[in-house]
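Each chain, letter by letter, is given below.
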Amino acid sequence: MSWYEELDRWTADYLPDMTYEKDVPLSRYTSFRIGGGARRMAFPRSGEQLVLLFSEAESCGARPFVLGNGTNVLFPDEGVERLVICTRDMAGVEHGAEDNEIVAECGASLAYTAVFAQKSGLSGLEFAHGIPGSAGGAVCMNAGAYGGEMAQVVKEAAVLFPDEGIKYLSGAEMDFSYRHSLLTAHPEAVVLRTVFRLQRGDREEIRKKMEELMARRKASQPLEFPSAGSTFKRPEGHFAAALIDQCGLKGLTVGGAQVSEKHAGFVINRGGATCADVTGLMAEIQRRVREQTGVELEMEVRRLEAARAQAEESAAQLEKELRAERGEDTPEE
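As a starting point, this report considers the structure included with it. Bear in mind that the values here come from a model prediction, so they are computed numbers and not experimental data. All residue numbers refer to position in the chain's written sequence, counted from 1. Reporting of local features is limited, given that this is a predicted model, to residues whose pLDDT is at least 70; pairs of side-chain atoms are given and counted only at 80 or more, and all residues count toward the totals for whole chains, interfaces and linings. Hydrogens and water molecules were not included; the side-chain quantities draw on all heavy atoms of the structure.

**A closer look at the overall build of the chain**
- Segments assigned H or I by DSSP are reported as helices when at least four residues long, segments assigned E as strands when at least two residues long, and all are numbered from the N terminus. The secondary structure content of the chain amounts to eight helices and 19 strands.
- Our radius of gyration is a C-alpha quantity, and the globule rule it is checked against amounts to 2.2 Å times the number of residues to the power 0.38. Taking 333 residues into account, the globule formula puts the C-alpha radius of gyration at 20 Å, and the chain, at 21 Å, falls close to it.
- Expressed along its principal axes, the backbone C-alpha trace of the chain runs to roughly 70 × 55 × 35 Å.
- Every accessible area reported is derived by Shrake-Rupley at a probe size of 1.4 Å, with residue values counting cover from the shown protein chains alone. When the accessible surface of the chain is summed, it comes to about 16100 Å², and 46% of that surface belongs to carbon and sulfur atoms.
- The distance from the centre of the 38 positive side-chain charges to the centre of the 52 negative ones in the chain is 7 Å. For the purpose of charge, His is not counted, nor are the chain termini; Lys and Arg are scored as positive and Asp and Glu as negative. Charge coordinates come from a single atom per side chain, which is NZ of Lys, CZ of Arg, CG of Asp or CD of Glu.

As structure tokens, this is what we get:
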């Protein structure tokens, strides 16, 4: 029995009211609007459902991948041979134990979380209003903009470590730095919910600040095209967009993918772009910037491997295990 047939039966028995779909086009769930099919996709409604599902998926070989708003992910054109767990239905935001705290589930959008804070008279999340990601994903990568970042406002996060269970980590324990957290080294970990510690402020002033930042965003970024936001991390001592612009790469196109003519830090989908188009363009940008400036650009967008590559990797691992059981030597890599 395949892993997905086993998982089909298990979800029907133990999570019958959870949305669970087969062969889902991932282009529907990413801001790039790119990606082939996921063999199976699940939409848990609570942390309890997610924990149960994740555990079962790992035990049956489904290699679960947790997806928030899909704003920093690039899926392969061939699709992925694994379970994708989408947190869109875990989007609750509520007041915390203290009057300057709010608590957001992992699937809550940053925009909604920021608005909730504003309406509660709480300042600190204004920068997050225009970031098109989820709370869980933002915490994992320490998302930020306009001088603000998650490190400044996270009091505590409940994180599922598959081999250890749920841990409650303070902001200090999350080891935040630029586009990095403790979870960067633990991609299998899942943020379930986050407590944000904010400051009391005037609702109208907070709203005006959010509107000001959103206006700046609209004026400078190609929000009218599908993209994954900033394509590359900021190199030390430089700005990625400035380097790309300096190298004359605005408008550079591969297939349907293009370096935005409005903001060189964005690779956009002008229509019909494939994963191969985007990755080809990113590689060319890296090559030209390296050759012309000596600076190595690091991708900020997370790219998943294709189903074929995953299958080959799984087959190779199985062959290795069978050889070990038979006491045979493993061929040199």
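Read on, since the account is not over.
**Observations regarding the packing of helix α1 (residues 3–14) against helix α2 (residues 47–59)**
- Simply put, an axis is a line fit to the C-alpha atoms, just over the touching stretch for a helix, and the angle between two N-to-C directions goes from 0 to 180 degrees. Two elements in contact, α1 and α2, have axes whose closest approach is 10 Å; the angle formed by their N-to-C orientations is 150°. Looking at the two axes, α1 sits roughly antiparallel to α2. Judged by the twist between their axes, the crossing of α1 over α2 is right-handed. Residues Glu6, Leu7, Trp10 and Thr11 of α1 lie in contact with α2, whose contacting residues are Leu52, Leu53, Glu56 and Ala57.
- Lys, Arg, Asp and Glu make up the charged group, whereas Ala, Val, Leu, Ile, Met, Phe, Trp, Tyr, Cys and Pro make up the nonpolar group; the residues left over, Gly among them, are polar. A class-by-class count of the residues in the contact of α1 with α2 yields five nonpolar, one polar and two charged. When describing relative orientation, an angle under 35 degrees is termed roughly parallel and one over 145 degrees roughly antiparallel, while 65 to 115 degrees is termed roughly perpendicular and anything else oblique. Crossing handedness: left-handed means the near helix sits turned counterclockwise from the far one by under a right angle, and right-handed means the same turn made clockwise. Any two residues having at least one pair of non-hydrogen atoms within 4.5 Å are treated as being in contact.

**Comments concerning the sheet that holds strand β11 (residues 154–161)**
- Within the open sheet, the five strands sit side by side as β6-β7-β13-β11-β12. Their pairing is antiparallel. Single-partner strands in this sheet number two, and they are β6 (93–95) and β12 (165–170). Adjacent strand axes in the sheet meet at a mean angle of 15° when their direction is disregarded.
- Strand pairing follows a simple DSSP-based rule, namely that at least 2 bridges must link the two strands. Taken together, the six bridges between β11 and strand β13 (residues 190–197) define a ladder with antiparallel strand orientation. Across the sheet, the residue bridging to Val154 is Phe196, located in β13.
- The strands touched by α2 are β11, β12 and β13; relative to β13, the strand with the most contacts, the crossing angle is about 150°.

**Some details on the state of the cysteines**
- Our working definition of a disulfide is a cysteine sulfur pair at a distance within 2.5 Å. Taken as a whole, this structure holds zero disulfides when the rule is applied.
- Left unpaired, Cys60 is separated from the closest cysteine sulfur, that of Cys86, by 19 Å.
- In this structure Cys60 comes out as buried when scored by relative accessible area, which is 11%.
- Free of any disulfide, Cys275 has its nearest neighbouring cysteine sulfur in Cys86, separated by 19 Å.
- Buried means the residue's accessible area, taken with a 1.4 Å probe over protein chains only, is under 20% of the maximum for its type, while exposed means over 50%, and partly exposed covers the values in between. Given the relative accessible area of 3%, Cys275 is considered buried.

**Considerations on the pairing of β13**
- Of all eight residues making up β13, six are buried, and the element is well covered by its neighbours.
- One ladder, built from five bridges, connects strand β7 (residues 101–105) with β13; its direction is antiparallel. Looking at the pairing, Val103 lines up with Val195 of β13.

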